[in-house]
Amino acid sequence: MATAGTDDHGSLAVTVGKVIAEERRKQGLSQEALAHRSGLHRNHIGLVERGQKGLSVKALFAICSTIGLRPSEILRLVEESQTKL
């Protein structure tokens, strides 16, 4: 298991972004549609999905509500992806 550090934070942000992008696509949503429905800006969604911007708890809940998943499900998928690395 990785320890907290700069590289780990970067890879974690990338993993979170990839999971969100994958789940968004499963719902057939564009970044623009996800942004509009969750009350976030499309650029924000893009930055999060590329791992270039962190995600607040409020934004995570908004995104999860829009794609029909609980935040814990997203975090489980992120954790599973991280343990595969």
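*Asks:* It is not clear to me how the overall build of the protein should be interpreted in this structure. Could you clarify?
*Replies:* Scanning the protein for helices and strands turns up 5 helices and 0 strands. Starting at the N terminus and ending at the C terminus, the protein contains elements arranged as α-α-α-α-α. Counting over 85 residues, the protein shows a buried share of 31%. When contacts within the protein are restricted to residue pairs at least 6 apart in sequence, long-range pairs at least 24 apart make up 54% of them. As displayed, the protein offers around 5600 Å² of accessible surface, 53% of which is attributable to carbon and sulfur atoms.

*Asks:* For this particular structure, what's the right way to read the confidence of the model for the protein?
*Replies:* Reading predicted coordinates in detail is not appropriate for stretches of low pLDDT. Confidence in the prediction for the protein averages 90 pLDDT; 88% of positions are at 70 or higher. Ranking the elements of the protein by mean pLDDT puts helix α1 (residues 6-26) last with 87 and helix α2 (residues 31-38) first with 98. The low-confidence segment residues 1-7, where pLDDT is below 50, has 2 contacts with residues more than four positions distant or belonging to other chains.

*Asks:* Is there a simple way to think about the pattern of salt bridges in this case?
*Replies:* Oppositely charged side chains can pair when the atoms bearing their charge come close. For the coordinates displayed, the defined rule picks out 4 salt bridges. Of the charged contacts in the structure, one is a salt bridge between K26 and E22, with a shortest N-O distance of 3.7 Å. Here E22 and K26 lie together in helix α1, a separation of 4 residues that amounts to about one turn. Given the relative accessible area of 57%, K26 is considered exposed. Note on E22: relative accessible area 44%, which makes it partly exposed.

Scoring rules and cut-offs
In this convention, every chain numbers its residues from 1, walking through the sequence in written order. Two thresholds apply to this predicted model, a pLDDT of at least 70 for residue-level local features and 80 or more for giving and counting side-chain atom pairs, whereas whole-chain, interface and lining totals are computed over all residues. Values reported for side chains reflect all heavy atoms of the structure, with hydrogen atoms and water molecules removed beforehand. Only DSSP runs of H or I reaching four residues or more are called helices, and only runs of E reaching two or more are called strands; each is numbered from the N terminus. Relative accessibility thresholds used throughout: buried, under 20% of the residue-type maximum; exposed, over 50%; partly exposed, between the two (1.4 Å probe, protein chains only). Throughout, a contact is declared for two residues whenever any of their heavy atoms are within 4.5 Å. Where accessible areas are quoted, they stem from the Shrake-Rupley method and a 1.4 Å probe; at the residue level, only the protein chains shown are allowed to cover. Think of pLDDT as the predictor's per-residue confidence, scored from 0 to 100. Salt bridges are identified by distance alone: a Lys or Arg side-chain nitrogen within 4 Å of an Asp or Glu carboxyl oxygen.

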